[in-house]
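Listed below, chain by chain, are the residues.
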Amino acid sequence: MYHLIVEWLGRGSAIVDLLLKDYRKAFDLIRHSVAITNLRTMGAHKHILLLVINFLQARYQCVYRLFLGDTDSKWVELTCRAPQGTKVASLLFLAEINIILSGYEERLKYVDDLSVLLKYIVEKSEVVPQFCNEIINNFKDECTANSRQINEGKTKILRFNPLKRDFVCTPPPYPSESLTVVLGVKFSINCSFGHHANTIIKKANSAMRTPILMCLFGFSVSQLRIAYLTYIRRILEYACPVWGPKVKNTIYLSDQLASIQERAVKVIFCNAFTEYKLALSTLQIPSLQKRRLSLILESDQYLLRSDKHRLILPPVLVKHRSTRSKNIDRLAAPPSRINRFSDSFISFFVSKYNHS
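Residues numbered from 1 in each chain as written. Predicted model: local features only at pLDDT ≥ 70, side-chain atom pairs only at ≥ 80, totals over all residues. Heavy atoms only, no water.

**Q** I keep staring at the pairing of strand β11 (residues 185–188) and nothing clicks. Help me out?
**A** When a strand is regular, its side chains alternate between the sheet's two faces. Strand direction decides the pairing type here: strand β10 (residues 179–182) and β11, joined by 4 bridges, are antiparallel. When the sheet's bridge partners are listed, Val182 is paired in β11 with Val185. Between β10 and β11, which pair antiparallel in sequence order, lie 2 residues; one of them, Leu183, sits at a positive phi of approximately 55 degrees. (Pairing = 2+ DSSP bridges. Helix = DSSP H or I, 4+ residues; strand = E, 2+ residues; numbered from the N terminus.)

This is the structure we're talking about:
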(Lines give C-alpha, C1' and ligand atoms only; values in the text may rest on other atoms or scores of the structure.)
Protein backbone atom coordinates (compact mmCIF):
# COMPACT_ATOMS: atom_id res chain seq x y z
CA MET A 1 0.00 0.00 0.00
CA TYR A 2 2.71 2.49 0.97
CA HIS A 3 4.75 1.70 -2.13
CA LEU A 4 1.72 2.26 -4.35
CA ILE A 5 1.12 5.62 -2.67
CA VAL A 6 4.68 6.85 -3.14
CA GLU A 7 4.78 5.44 -6.66
CA TRP A 8 1.74 7.48 -7.64
CA LEU A 9 3.09 10.58 -5.92
CA GLY A 10 6.49 10.17 -7.56
CA ARG A 11 5.26 9.85 -11.13
CA GLY A 12 3.99 13.38 -11.47
CA SER A 13 1.40 15.85 -10.30
CA ALA A 14 -0.63 13.43 -8.24
CA ILE A 15 -2.44 13.55 -4.93
CA VAL A 16 -3.58 10.38 -3.17
CA ASP A 17 -6.41 9.88 -0.71
CA LEU A 18 -6.37 6.88 1.60
CA LEU A 19 -9.95 6.12 2.60
CA LEU A 20 -10.00 4.05 5.79
CA LYS A 21 -13.32 2.32 6.41
CA ASP A 22 -14.15 0.71 9.72
CA TYR A 23 -17.05 -1.67 10.25
CA ARG A 24 -19.22 -1.66 13.32
CA LYS A 25 -19.54 -5.07 15.03
CA ALA A 26 -17.52 -6.66 12.26
CA PHE A 27 -17.54 -10.20 13.66
CA ASP A 28 -20.96 -10.06 15.34
CA LEU A 29 -22.73 -9.36 12.04
CA ILE A 30 -21.15 -12.18 10.03
CA ARG A 31 -23.99 -14.11 8.42
CA HIS A 32 -23.05 -17.77 8.16
CA SER A 33 -25.00 -18.47 4.97
CA VAL A 34 -23.56 -15.48 3.11
CA ALA A 35 -19.99 -16.24 4.21
CA ILE A 36 -20.25 -19.91 3.18
CA THR A 37 -21.77 -18.95 -0.19
CA ASN A 38 -18.99 -16.45 -0.83
CA LEU A 39 -16.33 -19.00 0.12
CA ARG A 40 -17.87 -21.47 -2.33
CA THR A 41 -17.93 -18.76 -5.04
CA MET A 42 -14.27 -17.95 -4.36
CA GLY A 43 -13.36 -21.59 -5.09
CA ALA A 44 -12.73 -22.92 -1.58
CA HIS A 45 -12.20 -26.70 -1.43
CA LYS A 46 -15.23 -28.68 -0.31
CA HIS A 47 -13.36 -30.16 2.64
CA ILE A 48 -12.55 -26.65 3.86
CA LEU A 49 -16.20 -25.70 3.48
CA LEU A 50 -17.27 -28.74 5.51
CA LEU A 51 -14.83 -27.85 8.28
CA VAL A 52 -16.10 -24.27 8.43
CA ILE A 53 -19.74 -25.40 8.41
CA ASN A 54 -19.03 -27.89 11.20
CA PHE A 55 -17.32 -25.12 13.19
CA LEU A 56 -20.36 -22.83 12.89
CA GLN A 57 -23.15 -25.35 13.40
CA ALA A 58 -24.82 -26.16 16.72
CA ARG A 59 -23.82 -22.90 18.41
CA TYR A 60 -26.50 -21.72 20.83
CA GLN A 61 -26.87 -18.62 22.92
CA CYS A 62 -29.17 -17.42 25.67
CA VAL A 63 -29.37 -14.47 28.03
CA TYR A 64 -29.11 -15.28 31.73
CA ARG A 65 -31.06 -13.33 34.29
CA LEU A 66 -29.10 -10.58 36.02
CA PHE A 67 -31.55 -9.49 38.71
CA LEU A 68 -33.92 -11.27 41.04
CA GLY A 69 -37.25 -11.84 39.37
CA ASP A 70 -35.85 -11.92 35.83
CA THR A 71 -36.07 -15.05 33.72
CA ASP A 72 -33.58 -16.69 31.37
CA SER A 73 -34.21 -16.46 27.67
CA LYS A 74 -34.61 -19.55 25.51
CA TRP A 75 -31.61 -21.14 23.87
CA VAL A 76 -31.50 -20.08 20.22
CA GLU A 77 -29.19 -21.38 17.52
CA LEU A 78 -26.93 -18.68 16.08
CA THR A 79 -27.19 -17.88 12.38
CA CYS A 80 -24.67 -15.06 12.51
CA ARG A 81 -21.56 -14.07 14.46
CA ALA A 82 -18.20 -15.82 14.64
CA PRO A 83 -15.95 -16.15 17.71
CA GLN A 84 -13.60 -13.17 17.64
CA GLY A 85 -9.95 -14.07 17.97
CA THR A 86 -10.18 -17.24 15.89
CA LYS A 87 -8.67 -17.53 12.43
CA VAL A 88 -11.97 -18.77 11.05
CA ALA A 89 -13.67 -15.52 12.12
CA SER A 90 -11.21 -13.43 10.10
CA LEU A 91 -11.61 -15.77 7.13
CA LEU A 92 -15.41 -15.55 7.25
CA PHE A 93 -15.37 -11.78 7.57
CA LEU A 94 -13.04 -11.38 4.58
CA ALA A 95 -15.21 -13.77 2.57
CA GLU A 96 -18.31 -11.76 3.40
CA ILE A 97 -16.87 -8.37 2.41
CA ASN A 98 -14.99 -9.74 -0.60
CA ILE A 99 -17.84 -8.68 -2.89
CA ILE A 100 -17.73 -5.06 -1.71
CA LEU A 101 -15.94 -2.90 -4.32
CA SER A 102 -14.77 -6.11 -6.01
CA GLY A 103 -14.40 -4.24 -9.31
CA TYR A 104 -12.02 -1.67 -7.83
CA GLU A 105 -8.35 -2.74 -7.86
CA GLU A 106 -6.96 -0.33 -5.27
CA ARG A 107 -8.76 -1.80 -2.28
CA LEU A 108 -6.92 -3.39 0.63
CA LYS A 109 -8.46 -5.57 3.31
CA TYR A 110 -6.90 -5.88 6.77
CA VAL A 111 -8.83 -8.16 9.16
CA ASP A 112 -11.88 -6.02 10.06
CA ASP A 113 -10.93 -2.89 8.08
CA LEU A 114 -11.17 -1.94 4.42
CA SER A 115 -8.87 0.65 2.87
CA VAL A 116 -9.32 2.24 -0.53
CA LEU A 117 -6.77 4.31 -2.45
CA LEU A 118 -8.18 7.21 -4.47
CA LYS A 119 -5.91 8.96 -6.98
CA TYR A 120 -6.13 12.52 -8.25
CA ILE A 121 -4.17 14.30 -10.99
CA VAL A 122 -3.51 18.02 -10.54
CA GLU A 123 -3.70 19.95 -13.82
CA LYS A 124 -3.40 23.72 -13.64
CA SER A 125 -4.51 23.79 -9.99
CA GLU A 126 -7.58 21.71 -10.83
CA VAL A 127 -8.07 18.16 -9.68
CA VAL A 128 -9.01 15.41 -12.10
CA PRO A 129 -10.23 12.33 -10.19
CA GLN A 130 -8.82 9.07 -11.52
CA PHE A 131 -11.66 6.95 -10.19
CA CYS A 132 -15.43 6.69 -10.44
CA ASN A 133 -17.08 9.63 -8.66
CA GLU A 134 -19.76 7.31 -7.31
CA ILE A 135 -17.32 4.92 -5.62
CA ILE A 136 -18.12 6.11 -2.09
CA ASN A 137 -21.87 5.94 -2.71
CA ASN A 138 -21.46 2.50 -4.25
CA PHE A 139 -19.51 1.41 -1.21
CA LYS A 140 -22.30 2.50 1.13
CA ASP A 141 -24.94 0.75 -1.00
CA GLU A 142 -22.95 -2.50 -1.13
CA CYS A 143 -22.39 -2.42 2.62
CA THR A 144 -26.11 -1.99 3.19
CA ALA A 145 -26.91 -4.83 0.81
CA ASN A 146 -24.50 -7.11 2.70
CA SER A 147 -25.73 -6.09 6.17
CA ARG A 148 -22.49 -4.29 6.93
CA GLN A 149 -22.65 -1.25 9.21
CA ILE A 150 -20.04 1.47 8.64
CA ASN A 151 -18.57 2.99 11.77
CA GLU A 152 -18.78 6.63 10.74
CA GLY A 153 -16.88 7.80 13.81
CA LYS A 154 -13.78 5.77 12.91
CA THR A 155 -13.94 6.24 9.15
CA LYS A 156 -11.42 8.82 7.96
CA ILE A 157 -9.36 10.01 5.02
CA LEU A 158 -5.63 10.70 4.75
CA ARG A 159 -4.75 13.06 1.91
CA PHE A 160 -1.14 12.54 0.82
CA ASN A 161 0.16 15.81 -0.60
CA PRO A 162 3.75 16.02 0.73
CA LEU A 163 4.86 18.50 -1.92
CA LYS A 164 1.98 20.80 -0.90
CA ARG A 165 0.67 21.25 -4.40
CA ASP A 166 -1.97 23.95 -4.77
CA PHE A 167 -5.26 22.58 -6.00
CA VAL A 168 -8.99 23.06 -5.82
CA CYS A 169 -10.94 19.99 -4.77
CA THR A 170 -14.23 19.17 -3.14
CA PRO A 171 -13.86 18.51 0.59
CA PRO A 172 -13.64 14.84 1.56
CA PRO A 173 -16.86 13.20 2.77
CA TYR A 174 -15.18 12.04 5.97
CA PRO A 175 -12.88 13.73 8.52
CA SER A 176 -9.38 14.31 7.21
CA GLU A 177 -6.52 13.13 9.43
CA SER A 178 -2.75 13.60 9.29
CA LEU A 179 -1.84 10.28 10.97
CA THR A 180 -3.29 6.80 11.03
CA VAL A 181 -2.28 3.34 12.20
CA VAL A 182 -2.56 0.40 9.79
CA LEU A 183 -1.55 -2.99 11.22
CA GLY A 184 0.53 -1.36 13.93
CA VAL A 185 2.43 1.03 11.61
CA LYS A 186 1.86 4.78 11.84
CA PHE A 187 1.48 6.45 8.45
CA SER A 188 1.84 10.19 8.01
CA ILE A 189 0.56 12.36 5.15
CA ASN A 190 4.09 13.68 4.57
CA CYS A 191 5.33 10.12 3.83
CA SER A 192 7.66 10.02 6.82
CA PHE A 193 7.85 7.50 9.64
CA GLY A 194 9.15 9.75 12.38
CA HIS A 195 5.96 9.35 14.43
CA HIS A 196 6.12 5.58 14.06
CA ALA A 197 9.78 5.47 15.11
CA ASN A 198 9.05 7.61 18.18
CA THR A 199 6.17 5.30 19.11
CA ILE A 200 8.21 2.11 18.97
CA ILE A 201 11.04 3.82 20.86
CA LYS A 202 8.61 4.58 23.71
CA LYS A 203 7.30 1.00 23.65
CA ALA A 204 10.83 -0.43 23.69
CA ASN A 205 11.85 1.83 26.58
CA SER A 206 8.83 0.60 28.55
CA ALA A 207 9.75 -3.01 27.76
CA MET A 208 13.27 -2.42 29.11
CA ARG A 209 11.89 -2.91 32.61
CA THR A 210 11.82 -6.67 32.01
CA PRO A 211 15.60 -7.21 31.51
CA ILE A 212 16.38 -4.66 34.24
CA LEU A 213 14.31 -6.60 36.78
CA MET A 214 15.79 -9.88 35.54
CA CYS A 215 19.29 -8.46 36.05
CA LEU A 216 18.42 -7.40 39.61
CA PHE A 217 17.21 -10.93 40.35
CA GLY A 218 20.46 -12.43 39.12
CA PHE A 219 19.54 -13.96 35.75
CA SER A 220 22.44 -15.08 33.55
CA VAL A 221 23.74 -13.26 30.47
CA SER A 222 22.25 -15.86 28.13
CA GLN A 223 18.83 -15.51 29.77
CA LEU A 224 18.98 -11.73 29.55
CA ARG A 225 19.95 -12.02 25.88
CA ILE A 226 16.89 -14.19 25.19
CA ALA A 227 14.68 -11.69 27.06
CA TYR A 228 16.01 -8.81 24.93
CA LEU A 229 15.49 -10.68 21.64
CA THR A 230 12.01 -11.81 22.71
CA TYR A 231 10.51 -8.70 24.28
CA ILE A 232 12.43 -5.69 22.96
CA ARG A 233 14.07 -6.29 19.59
CA ARG A 234 10.83 -7.55 18.07
CA ILE A 235 9.32 -4.12 18.88
CA LEU A 236 12.22 -2.32 17.21
CA GLU A 237 11.98 -4.36 14.01
CA TYR A 238 8.22 -4.90 13.65
CA ALA A 239 7.19 -4.29 10.00
CA CYS A 240 10.62 -2.81 9.28
CA PRO A 241 10.47 -3.74 5.54
CA VAL A 242 7.91 -0.92 5.27
CA TRP A 243 9.57 1.83 7.28
CA GLY A 244 13.18 0.58 7.45
CA PRO A 245 14.49 2.20 4.24
CA LYS A 246 13.07 5.56 5.30
CA VAL A 247 14.70 5.37 8.73
CA LYS A 248 17.99 4.31 7.14
CA ASN A 249 18.15 7.69 5.40
CA THR A 250 17.16 9.55 8.59
CA ILE A 251 20.24 9.45 10.77
CA TYR A 252 18.78 10.71 14.04
CA LEU A 253 15.97 8.12 14.00
CA SER A 254 18.44 5.33 13.26
CA ASP A 255 20.66 6.51 16.13
CA GLN A 256 17.71 6.66 18.54
CA LEU A 257 16.70 3.10 17.69
CA ALA A 258 20.30 1.93 18.08
CA SER A 259 20.51 3.59 21.49
CA ILE A 260 17.77 1.23 22.76
CA GLN A 261 19.85 -1.82 21.84
CA GLU A 262 22.98 -0.26 23.34
CA ARG A 263 21.13 0.34 26.59
CA ALA A 264 19.90 -3.26 26.59
CA VAL A 265 23.43 -4.56 26.04
CA LYS A 266 24.67 -2.50 28.98
CA VAL A 267 21.95 -4.03 31.16
CA ILE A 268 22.88 -7.54 30.01
CA PHE A 269 26.59 -7.17 30.86
CA CYS A 270 26.04 -4.80 33.79
CA ASN A 271 29.46 -3.92 35.28
CA ALA A 272 31.31 -6.09 32.74
CA PHE A 273 30.31 -3.81 29.84
CA THR A 274 33.28 -2.12 28.12
CA GLU A 275 32.55 -1.43 24.45
CA TYR A 276 29.28 -1.64 22.47
CA LYS A 277 30.64 -3.33 19.32
CA LEU A 278 32.62 -5.85 21.37
CA ALA A 279 29.52 -6.64 23.43
CA LEU A 280 27.45 -7.21 20.26
CA SER A 281 30.11 -9.55 18.93
CA THR A 282 30.15 -11.49 22.21
CA LEU A 283 26.37 -11.84 22.26
CA GLN A 284 26.29 -12.62 18.51
CA ILE A 285 23.70 -9.91 17.94
CA PRO A 286 23.93 -7.83 14.73
CA SER A 287 23.45 -4.08 14.76
CA LEU A 288 19.88 -2.93 14.22
CA GLN A 289 20.80 -1.37 10.89
CA LYS A 290 22.21 -4.66 9.58
CA ARG A 291 19.26 -6.54 11.02
CA ARG A 292 16.76 -4.23 9.27
CA LEU A 293 18.63 -4.58 5.99
CA SER A 294 18.59 -8.38 6.20
CA LEU A 295 14.86 -8.43 7.00
CA ILE A 296 14.09 -6.07 4.10
CA LEU A 297 16.08 -8.18 1.64
CA GLU A 298 14.61 -11.40 3.05
CA SER A 299 11.07 -10.06 2.65
CA ASP A 300 11.62 -8.91 -0.91
CA GLN A 301 13.40 -12.14 -1.85
CA TYR A 302 10.23 -13.89 -0.77
CA LEU A 303 8.24 -11.65 -3.10
CA LEU A 304 10.67 -12.43 -5.89
CA ARG A 305 10.26 -16.20 -5.44
CA SER A 306 6.51 -16.15 -4.89
CA ASP A 307 4.32 -16.72 -7.94
CA LYS A 308 1.39 -15.13 -6.09
CA HIS A 309 3.13 -11.90 -5.05
CA ARG A 310 5.71 -11.53 -7.83
CA LEU A 311 3.57 -8.93 -9.62
CA ILE A 312 4.20 -6.48 -6.76
CA LEU A 313 7.82 -6.12 -7.92
CA PRO A 314 8.84 -4.41 -11.19
CA PRO A 315 9.40 -6.53 -14.32
CA VAL A 316 12.76 -8.18 -15.04
CA LEU A 317 15.18 -6.65 -17.52
CA VAL A 318 17.82 -8.94 -19.05
CA LYS A 319 21.15 -7.24 -19.62
CA HIS A 320 24.48 -8.60 -20.83
CA ARG A 321 27.59 -7.95 -18.76
CA SER A 322 30.68 -7.63 -20.94
CA THR A 323 33.00 -9.25 -18.40
CA ARG A 324 30.98 -12.46 -18.38
CA SER A 325 29.59 -14.73 -21.02
CA LYS A 326 26.13 -15.11 -19.50
CA ASN A 327 23.13 -12.82 -19.15
CA ILE A 328 22.07 -11.58 -15.74
CA ASP A 329 18.63 -10.46 -14.63
CA ARG A 330 17.99 -6.94 -13.45
CA LEU A 331 14.75 -5.46 -12.17
CA ALA A 332 13.38 -2.35 -13.80
CA ALA A 333 13.74 0.64 -11.49
CA PRO A 334 10.34 2.02 -10.40
CA PRO A 335 9.69 5.33 -12.18
CA SER A 336 10.01 8.29 -9.82
CA ARG A 337 10.80 11.88 -10.64
CA ILE A 338 11.25 12.82 -6.98
CA ASN A 339 14.20 11.57 -4.94
CA ARG A 340 12.34 11.55 -1.62
CA PHE A 341 10.11 8.72 -2.86
CA SER A 342 12.97 6.46 -3.93
CA ASP A 343 13.30 4.92 -0.47
CA SER A 344 10.12 2.88 -0.35
CA PHE A 345 10.93 -0.73 0.43
CA ILE A 346 10.42 -1.97 -3.15
CA SER A 347 12.57 0.78 -4.67
CA PHE A 348 15.17 0.13 -1.96
CA PHE A 349 15.21 -3.60 -2.72
CA VAL A 350 15.44 -3.06 -6.50
CA SER A 351 18.48 -0.82 -5.97
CA LYS A 352 20.18 -3.37 -3.71
CA TYR A 353 19.26 -6.29 -5.98
CA ASN A 354 20.57 -4.64 -9.14
CA HIS A 355 23.90 -3.78 -7.52
CA SER A 356 24.44 -7.19 -5.91
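**Q** It is not clear to me how the environment of Ser220 should be interpreted in this structure. Could you clarify?
**A** Assignment of secondary structure puts Ser220 in the loop between α7 (209–216) and α8 (221–231). A C-alpha to C-alpha distance of 8.3 Å links Ser220 and Ile268, two positions 48 residues apart in sequence.

**Q** What exactly am I supposed to notice about the packing of helix α2 (residues 32–41) against helix α4 (residues 87–97) here?
**A** Helix-helix packing is characterised by the crossing angle of the two axes and by the distance between the axes. Running from amino to carboxyl end, α2 crosses α4 at an angle of 75 degrees, the nearest separation of the two axes being 8 Å. Considering the angle they form, α2 stands roughly perpendicular to α4. Contact residues: Val34, Ala35, Asn38 and Leu39 in α2; Leu91, Leu92, Ala95 and Glu96 in α4. The class makeup of the residues in the contact of α2 with α4 is 6 nonpolar, 1 polar and 1 charged. (Axes fitted to C-alpha atoms, helices over the stretch in contact; angles between N-to-C directions. Parallel < 35°, antiparallel > 145°, perpendicular 65-115°, else oblique. Contact = heavy atoms within 4.5 Å. Nonpolar A, V, L, I, M, F, W, Y, C, P; charged D, E, K, R; others polar.)

**Q** Would you mind showing me how to read the pairing of strand β8 (residues 156–160) here?
**A** Most of β8 sits inside the fold, with 4 of its 5 residues counted as buried. Summarising the sheet, strand β1 (residues 14–24) and β8 pair through 5 bridges and their orientation is antiparallel. Paired with Leu20 across the strands is Lys156, a residue of β8. Where β8 lies against strand β9 (residues 176–177), 2 bridges are found, and the strand directions are parallel. Of the residues in β9, the one forming a bridge with Ile157 is Ser176. (Buried < 20%, exposed > 50% of the residue type's maximum accessible area, 1.4 Å probe, protein only.)

**Q** Help me understand a nonpolar patch on the surface in this model?
**A** The grouping of Ile212, Leu213, Leu216, Phe217 and Phe219 at the surface amounts to a nonpolar patch, some 540 Å² of accessible area in total. Counting through the fold element by element, Leu216 comes out in helix α7. Among the residues examined, Leu216 registers a relative accessible area of 67% and is labelled exposed. (Patch = residues over 30% accessible without salt bridge, like charges linked within 9 Å, V, L, I, M, F, W, Y side chains within 5 Å. Areas by Shrake-Rupley, 256 points an atom, 1.4 Å probe, with all protein chains shown as cover. Salt bridge = Lys/Arg side-chain N within 4 Å of Asp/Glu carboxyl O.)

**Q** Looking at this structure, how should I read the packing of aromatic side chains?
**A** Pairs of aromatic rings are described using the distance from one ring centre to the other and the angle between the two planes. Counting across every chain of the model gives 1 aromatic pair. Residues Phe187 and Phe193 carry aromatic rings whose centres are separated by 5.7 Å and whose planes lie at 65 degrees to one another, so their mutual orientation is edge-to-face. Just as Phe187 is buried, Phe193 falls in that class too. (Phe/Tyr/Trp six-rings, centres within 6.5 Å; stacked < 30°, edge-to-face > 60°.)

**Q** How do you make sense of the nonpolar core when you look at a structure like this?
**A** In summary, soluble globular proteins display a tendency toward joint burial of nonpolar side chains. By size, the foremost hydrophobic cluster in this structure holds 45 residues, and its most contacted members are Phe160, Tyr228, Ile232 and Leu236. When residues of this core are assigned to their parent elements, the largest contribution, 7 residues, is made by helix α11 (residues 251–269). Residue contacts for Tyr228: discarding those within four places in its chain leaves Arg233, Leu236, Gln261, Ala264, Ile268, Ile285 and Leu288. Core analysis: the second largest hydrophobic core is formed by 27 residues, Tyr23, Ile30, Phe139 and Cys143 among them. (Core = buried A, V, L, I, M, F, W, Y, C linked by side-chain atoms within 4.5 Å.)

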